Amino acid sequence: MEQEKVIVIDFGGQYNQLVARRVRECNVYCEIYSYKTDLEQIKSMNPKGIILTGGPNSCYEEGAPTYRKELFELGVPVLGLCYGAQLMMHVLGGKVEKAPVREYGKTEVFVENGSPLFTDVKSTTICWMSHFDYISRVAPGFSVIAHTADCPVAAAEDRTKNLYAIQFHPEVLHTEEGTKMLYNFVRNICGCAGTWRMDSFVENSIIEIRKKIGNGRVLCGLSGGVDSSVAAVLLSKAIGNQLTCVFVDHGLLRKDEGDEVEAIFGPDGNYDLNFIRVNAQERFYIKLAGETEPEHKRKIIGEEFIRVFEEEAKKIGTVDFLVQGTIYPDVVESGLGGESVVIKSHHNVGGLPDYVDFKEIIEPLRNLFKDEVRKVGLELGIPEKLVFRQPFPGPGLGVRIIGDITAEKVRIVQEADAIYREEVEKAGLGRSIGQYFAALTNMRSVGVMGDERTYDYAVALRAVNTIDFMTAEAADIPFEVLQTVMSRIINEVRGVNRVFYDLTSKPPGTIEFE
Ligand code: XMP
């Protein structure tokens, strides 16, 4: 069954993944493609609608990202957002110029007529603006359907051709009725039925996986994190014991985590899985010795993972497919989806070595956002405790120890992290915080303990609230809780004499430290 699809064409703006998420919240499947994607390829995907995103450029400048005029002549509804809106006007004969004042932040927008884009939207509505350029003249055939005090064209439409342009950002939650506008576009204007649901995702995936794998043997890298656990259970539902799960303890797991994962997925656990645990701590530490560069560390860990899998696969005999729990933000942030710059090589994606000794890699969750993966997990009957587990990155504590990694540093961060998690849970804050963990700063400083001078490490506590892990704010943990954590860490973890709380949001920080 072909899934109806909206295509988001990425012009390099910062909110592009949000556009895709919001569309999916309308139960419409959508994917992000770079503006460099050929028109023929776009056509072949048979989209029900196309959305052009924002971007940092000025469309009238030479060399600025653009798109062929024919995109607007496919008979498929197109919605341009911010840069996308300006580009639509520019390409179709309107005029875009530098504005005398930059319009930025929450802005009152006056909606002028009964455009289908604004069905059920109030006539004065708060929207998020962020632009230097403005549309000074709409293209022939267009009429203005919204304006602000500073911006004569906040939105425009050519209703007969189903072309719509919005200067503000409906995908950002500061735009109070933004989701309604996107819903109006994808459901009413594009006519999508809204059949994208997680139960249908599970059903369709099982059918596709069976078709693809046939009688083949499959190896799944299981980390015990939400993504790989959901991928493993999905595969196990589809192909039963053709699947073998390999859990690599790379020595960069949280305290006692190896045993916990084994307790859930191992022979005494909840699932009927072929489960192999590989204790590979030593070989990871040897490979990582002295390495301080974050990207190198990620690549080393990613590569060693694959080598361990290959070795296990050889012991099993022929393995045709390797399953990985890669999810959509990993793909996009690794620079493989749209136009976004590479932030980090995510383990499982950019971190893969070129040579991988398997016929094919299967990534059943590759197109899903984290909250969608969780819905799939619940749909598959995975216990809530596991589904709502804290995300834990593939490279593990490797990206929470700044600088080189040693067994001693791993011990410090494991113990500090265990104390932090225990106290946060004791305070009843666990589920209310998106992600929280301790990291080792690799900085040592002078302290005094029991009249003795110390020269020990500083631990950083991180806690963030986030909806989609693309942006995040530091969580407001009560000071008494932080104080308890600090004094327990200093007293109980040898080698630490200072504790910091990280207040940085994302951006400019990332959630992990490397
Ligand atoms: P950053 O540090 O990029 O993290 O702000 C965003 C989210 O992704 C997780 N993360 C990873 N997950 N492999 C993963 O599976 C990775 O290499 C990786 N790096 C970061 C991070 O824990 C956070 O939830």
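Now for a look at the structure at hand. Everything numeric here is computed off the predicted structure, so don't read it as measured data.

About the criteria used
- Residues numbered from 1 in each chain as written.
- Predicted model: local features only at pLDDT ≥ 70, side-chain atom pairs only at ≥ 80, totals over all residues.
- Heavy atoms only, no water.
- Buried < 20%, exposed > 50% of the residue type's maximum accessible area, 1.4 Å probe, protein only.
- Helix = DSSP H or I, 4+ residues; strand = E, 2+ residues; numbered from the N terminus.
- Pairing = 2+ DSSP bridges.
- Contact = heavy atoms within 4.5 Å.

## Quick notes on the pairing of strand 3 (residues 49-52)
A regular strand carries its side chains on alternate faces of the sheet. Burial along strand 3 is two-sided: Gly 49 and Ile 51 and Ile 50 and Leu 52, pointing in opposite directions, are all buried. Bridging between strand 1 (residues 5-10) and strand 3 involves 4 bridges; their strand directions are parallel. Directly across from Ile 9, in strand 3, lies its bridge partner Leu 52. Pairing of strand 3 with strand 4 (residues 78-81) involves 3 bridges; the strand directions are parallel. What sits directly across from Ile 51, in strand 4, is Leu 79.

## Concerning the environment of Ala 99
Position of Ala 99 among the secondary structure elements: in strand 5 (residues 95-111). The exposure class assigned to Ala 99 is buried, which follows from its relative accessible area of 15%. C-alpha separation for the pair Ala 99 and Cys 151, spaced 52 residues apart in sequence, amounts to 8.6 Å. Excluding residues within four positions of it along the chain, Ala 99 makes contact with Phe 132, Asp 133 and Tyr 134.

## What about unusual backbone geometry?
What is expected of a backbone is that most residues other than glycine have negative phi and most peptide bonds are trans. Look at the link from Lys 506 to Pro 507: it is a cis peptide, with omega at -15°. Assignment of secondary structure puts Pro 507 in the segment after strand 18 (496-501). The omega torsion across Pro 507 and Pro 508 is 10°, close enough to zero to call that bond cis. Mapped onto the elements of the fold, Pro 508 is located in the segment after strand 18. Here Asp 451, not a glycine, exhibits a phi torsion of approximately 70°, which is positive. Along the polypeptide, Asp 451 turns up in the loop between strand 15 (435-449) and strand 16 (452-465).

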